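Spelled out, the chains give:
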Amino acid sequence: RKRFSSFFNASDSGTVAVGLSAKLLTNCRMFSAVAGVRGASAILVQQAIQLIGRQIIMLSQRPACRISCAFIMEVDGMLDVFLETQRETISVSVPGIPSAIKISCLSQDNGQTRNCIGQVIWQAADALSKWLSGHRESVRGKRVLELGSGTGLVGIVAKSCGAEDVLLTDGEDAVVELIQQNVVLNDQTSTAQKLWWGVGESLDSFLQKNGKFEVIVASDVIYFKEAIRPLVETIKALLTVDGGVCYLANHAVRMDNLRDYFVQCCAEVGLEEDVLPSIGPEQRVRFSLLRVR
């Protein structure tokens with residue numbers, strides 16, 4: 001790790017660092033598998049794999065670094081396999097809900113790879129869950145859809161607040177599986193389905209199968225500019241025209257940086273936005289309400 005770090009910090013192109021890190025990563029995997037490492041030693045090996053793997057992902061973002069997409073996907077997948085072993089079931093207390101919500105998830109430190117982002121409880125999900133608990137009339141007796149559910153916390157809270165039916169969705173198979181596990185952990189009957197955002201075959205098939213929803217909830221779904229238009233297209237397609245409402249909560253920094261484009265896309269697809277007071281610790285979560293125009 002020391003040798004790798006010196007090359008990582010000194011190398012402009014990342015070529016030497018990538019070669020070293022790939023070798024280290026392979027050696028860690030072999031050592032862990034062949035030696036049957038247990039206990040504290042196993043934790044050290046996993047930490048080394050995570051450190052090296054994350055730095056490979058960081059290297060791949062350097063303009064001068066030529067790393068194949070296939071290699072990055074392999075590293076990303078390798079990290080996912082190891083990180084899945086570190087899931088833990090935690091109890092989330094939501095004011096107004098008698099029993100704590102049980103959620104199997106990863107810590108935020110481990111939620112940085114492609115498939116693991118959705119396996120973490122992010123700040124906006126926690127804030128939106130607490131807001132729903134204090135405004136139960138927003139979901140009581142209604143059909144609710146959660147987009148980008150991640151761990152499923154918000155959808156599970158919506159069901160606990162009296163929603164008639166809740167469908168939780170995400171775009172990654174591993175995350176959809178995790179959502180269903182968390183639904184069962186909380187003795188609920190909601191279902192989880194895979195859904196890709198944006199106008200196309202996936203959305204058409206989903207709409208034909210499930211129809212439209214009176215309420216849509218989504219938290220921390222605005223990360224990249226490229227995902228905003230598919231997101232608002234999906235909301236427009238799946239939200240009922242008469243009285244349908246979408247509650248959208250996002251981290252302040254990301255939402256503020258992309259607000260102009262978000263407003264533009266909403267206007268183009270036929271959604272109108274009411275900006276509500278920010279929520280969460282220190283009001284760091286931007287909160288808004290969307291309706292079909």
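Residues numbered from 1 in each chain as written. Predicted model: local features only at pLDDT ≥ 70, side-chain atom pairs only at ≥ 80, totals over all residues. Heavy atoms only, no water.

**A few points about the overall build of the chain**
Along the backbone of the chain there are ten helices and nine strands. Burial statistics for the chain: of 293 residues in total, 48% are counted as buried. Residue pairs in contact within the chain that sit at least 24 positions apart in sequence constitute 65% of those at least 6 positions apart. Looking at the chain as shown, the accessible area adds up to about 14200 Å², and 53% of this sits on carbon and sulfur atoms. (Helix = DSSP H or I, 4+ residues; strand = E, 2+ residues; numbered from the N terminus. Buried < 20%, exposed > 50% of the residue type's maximum accessible area, 1.4 Å probe, protein only. Contact = heavy atoms within 4.5 Å. Areas by Shrake-Rupley, 256 points an atom, 1.4 Å probe, with all protein chains shown as cover.)

**Things to note about the nonpolar core**
Among the nonpolar cores identified, the biggest contains 38 residues, and Ile101, Leu128, Leu132 and Tyr247 are the most heavily contacted of them. Mapped onto this core, the elements with two or more residues apiece are strand 2 (101-105), helix 5 (123-134), helix 6 (153-160), strand 4 (165-170), helix 7 (173-185), strand 6 (215-219), strand 7 (245-251) and strand 9 (285-292). Take this core: its biggest share by element is six residues, from helix 5. Setting aside residues up to four positions removed in sequence, Tyr247 forms contacts with Leu128, Trp131, Ser138, Val215, Ile216, Val217, Ala218, Phe287, Ser288 and Leu289. Residues Leu203, Leu231, Val232 and Ile235 belong to the second largest nonpolar core, which totals 29 residues. (Core = buried A, V, L, I, M, F, W, Y, C linked by side-chain atoms within 4.5 Å.)

**So, the environment of Glu273**
With respect to the helices and strands, Glu273 occurs in strand 8 (residues 271-279). Each C-alpha atom of the pair Glu273 and Leu289 lies 5.6 Å from the other, and the pair is 16 residues apart in sequence. In contact with Glu273, not counting residues within four places along its chain, are Arg259, Phe262, Val263, Ser288, Leu289 and Leu290. Of the polar contacts made by the side chain of Glu273, one reaches the side chain of Arg259; its length is 3.0 Å. A distance of 3.2 Å separates the side chain of Glu273 from the side chain of Ser288, its partner in a polar contact. (Polar contact = N/O pair within 3.5 Å; in protein donor to acceptor, adjacent residues only side chain to side chain.)

**Some thoughts on the packing of aromatic side chains**
For the coordinates displayed, the defined rule picks out four aromatic pairs. Taking the centre distance of 5.1 Å and the plane angle of 45° together, the rings of Trp131 and Tyr247 count as tilted. You can see Trp131 sitting in helix 5 and its partner Tyr247 sitting in strand 7, a full 116 residues away along the chain. In this pair, the class of Trp131 matches that of Tyr247, namely buried. Each member of the aromatic cluster is reached from another via a ring pair, and the members are Trp131, Tyr247 and Phe287. Directly above the aromatic system of Tyr261 lies the positively charged group of Lys225, at a separation of 4.8 Å from the ring centroid. When the ring centre of Tyr223 is taken as origin, the NZ or CZ atom of Arg254, which lies over that ring, is 4.3 Å away. (Phe/Tyr/Trp six-rings, centres within 6.5 Å; stacked < 30°, edge-to-face > 60°. Lys NZ or Arg CZ within 6 Å of the ring centre and 35° of its normal.)

**Things to note about unusual backbone geometry**
Excluding glycine, residues mostly have negative phi values, and the peptide bonds linking residues are mostly trans. In this structure, Asp187 is a non-glycine residue whose phi angle is positive, near 55°. The residue Asp187 is located in the loop between helix 7 and strand 5 (191-194) in this model. Taking the relative accessible area as the measure of exposure, Asp187 reaches 70% and is therefore exposed. In this model, Gln283 sits at a positive phi of 50°, which is unusual for a non-glycine residue. Topologically, Gln283 is positioned in the loop between strand 8 and strand 9. Residue class for Gln283 comes out partly exposed when judged on its relative accessible area of 48%.

**Some details on the environment of Trp196**
Its place among the elements puts Trp196 in the loop between strand 5 and helix 8 (201-210). In this view, Trp196 contacts Gly171, Ser202 and Leu203; residues no more than four positions away in its chain are not counted.

**With respect to the sheet that holds strand 9**
Strand pairs in the sheet, formed through backbone hydrogen bonds, run parallel or antiparallel to each other. Spatial ordering of the open sheet is given by 5-4-3-6-7-9-8, a layout of seven strands whose pairing is mixed. Edge positions in the open sheet fall to strand 5 and strand 8, since each of these has one partner strand only. Averaged over all adjacent pairs, the angle separating strand axes in this sheet is 20°, with direction ignored. Relative to strand 9, strand 8 runs antiparallel, the two sharing seven bridges. Note on strand 9: the bridge partner recorded for Asp274 is Leu289. Contacts from helix 5 reach strand 6, strand 7, strand 8 and strand 9 within the one sheet, and its direction differs from that of strand 7 by about 140°. The sheet strands contacting helix 7 are strand 4 and strand 5, and the helix crosses strand 5 at an angle near 175°. (Pairing = 2+ DSSP bridges. Axes fitted to C-alpha atoms, helices over the stretch in contact; angles between N-to-C directions.)

Just distances and angles here, no functional claims.
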